[in-house]
Amino acid sequence: MVMALAVIAAAGFFLCLTPASLNACPASPAPNASYTTIYSIPNGCEQSSCDYFLAARLNDADPTYLDFWLEGNADGWIAVGFSETPIMANSDVFACALDTNNNSIPVLIDAWNGLGNSNTRDTQQDLCSRVLEYTFGRILCSFTRAIDTGDLNGQDLQLNDDLFLLLGTGSNPSVANPPMLTLHTVTPLSSSSMLNVVSRVSEHDYRVFARIPAGCQRSSCMYYLAVRTSPIDTESLDFELEGDAQSWIAIGLSKTPTMESADVSGCVVQTDSSVAVVDAWNLPSTTNNVRDTQQDISPTSSSFGDNRISCKYSHNQTHAHTCTYYAYMYLHCVCFTCRFSRPIVSGDTEQDVPMNDNYYLLFGRGNTPSTAQ
């Protein structure tokens, strides 16, 4: 199939996460940052008129964090809970609450509902406060939390999992010190099905170009490719590659359905188990692969674990960067993080093709480790 890559659409998102450092907060989102609506009550309401509104986005400075926007009609508190079941027990709760000592500015609360639905403050408060407001019976707050906090106290769920959402409000301010949630007057509403918030906020602007086998779910695809126009630089494209491979995964662009004279980019697992992004070229009349003289890829994020590689990259810098290695093991997944992207037209006429033209796509992955530097 011949196609042009300079287009936009939708895809999923996969992260192998390194838990955040305790008390770490990335940079705040810009005042005009766009969020993806997760839930609105009534459905389809305008944000400012919703009885309950929840939105989220990946943090620009560190995409292992989620920025949340929560607002609604309440005189006591508003909260969202994440749970493996559609009930309150064992749920991870983020709340904004008023208290009787200061009923004009909400307090941000990181809480946990135990087996008996009892609500307690987390031992480790992992929410980064951004905006807290209360005006005329309406609470508004924005905050940031790591997708995986690394909380060893069993009071945080990993937000990259499929979870039920519990949507609650309360009418009475807190009388506790420090503030806590008062008993709700109406049982919190549960989402009708499980939802992966990370996938939801990441899928709205990527277009899937390849799923092998066809129709596979991203996490089970042998090969997966998605592309979008970079929101930072519209002259660049962001790529997402993922698949089953022990050594490398790549995408090639060619004017023919063969490997010769193909523009190749992808992720390579190195001998020290770190992951590097590579801008390469297949020589004319051969299948030999060489590194581009001019490395036009800049890292975005990647991971390698259980013989599966996942990477994101953009083409908007002149040098490739070796990914940072995180020596943290989680569910048998060794995580490596990098980011990269590439200009639609790089200016390298010898070894880069302009991506606003039509090409055959060459989907490759390999299991033989690289020994080259």
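Just so we're clear, the structure is a prediction, and the values are computed from it rather than from any experiment.

Peer 1: What exactly am I supposed to notice about the sheet that holds strand β5 (residues 77-83) here?
Peer 2: Note on sheets: strands pair through backbone hydrogen bonds, and any given pair is parallel or antiparallel. Within the open sheet, the 6 strands sit side by side as β8-β7-β6-β5-β11-β12. Their pairing is antiparallel. One side of each edge strand has no neighbouring strand; the edge strands of this open sheet are β8 (119-121) and β12 (189-190). In terms of strand pairing, strand β7 (residues 102-113) meets β8 through 3 bridges, oriented antiparallel. In the sheet register, Asn113 faces β8, and the bridge partner there is Asn119.

Peer 1: Which parts of the structure should I look at to understand the pattern of salt bridges?
Peer 2: Close approach of charged atoms allows side chains with opposite charge to pair. Applying the stated criterion across every chain, the model contains 8 salt bridges. For Arg342, the salt bridge goes to Asp263, with nearest N and O atoms at 2.4 Å. Here the residue Arg342 occupies a position in strand β24 (residues 341-343), and Asp263 occupies one in strand β17 (residues 263-269), the gap between them amounting to 79 residues. Per residue, the accessibility class of Arg342 equals that of Asp263, and both read buried. Here Asp352 and Arg342 are joined by a salt bridge, their closest N and O atoms 3.5 Å apart. Remark: Arg342 occurs in strand β24 and Asp352 occurs in the loop between β24 and β25 (358-366); sequence separation between them is 10 residues. With respect to class, Asp352 is no different from Arg342; both count as buried. What emerges from the salt-bridge pattern is a single network uniting Arg57, Asp60 and Asp67.

Peer 1: What is the right way to look at the packing of aromatic side chains in this model?
Peer 2: Aromatic ring pairs are described here by two measures, namely the spacing of the ring centres and the angle between the planes. Counted by the stated rule, this structure contains 6 aromatic pairs. An angle of 65° between the planes, with centres 5.7 Å apart, marks the rings of Phe68 and Phe94 as edge-to-face. With Phe68 in strand β4 (residues 65-73) and Phe94 in strand β6 (residues 91-99), the pair connects residues that are 26 residues apart, well separated along the chain. Across this residue pair, the class does not change: Phe68 and Phe94 are buried. With 5.4 Å between their ring centres and 50° between their planes, Phe82 and Phe94 make a pair best called tilted.

About the thresholds
- Residues numbered from 1 in each chain as written.
- Predicted model: local features only at pLDDT ≥ 70, side-chain atom pairs only at ≥ 80, totals over all residues.
- Heavy atoms only, no water.
- Pairing = 2+ DSSP bridges.
- Helix = DSSP H or I, 4+ residues; strand = E, 2+ residues; numbered from the N terminus.
- Salt bridge = Lys/Arg side-chain N within 4 Å of Asp/Glu carboxyl O.
- Buried < 20%, exposed > 50% of the residue type's maximum accessible area, 1.4 Å probe, protein only.
- Phe/Tyr/Trp six-rings, centres within 6.5 Å; stacked < 30°, edge-to-face > 60°.

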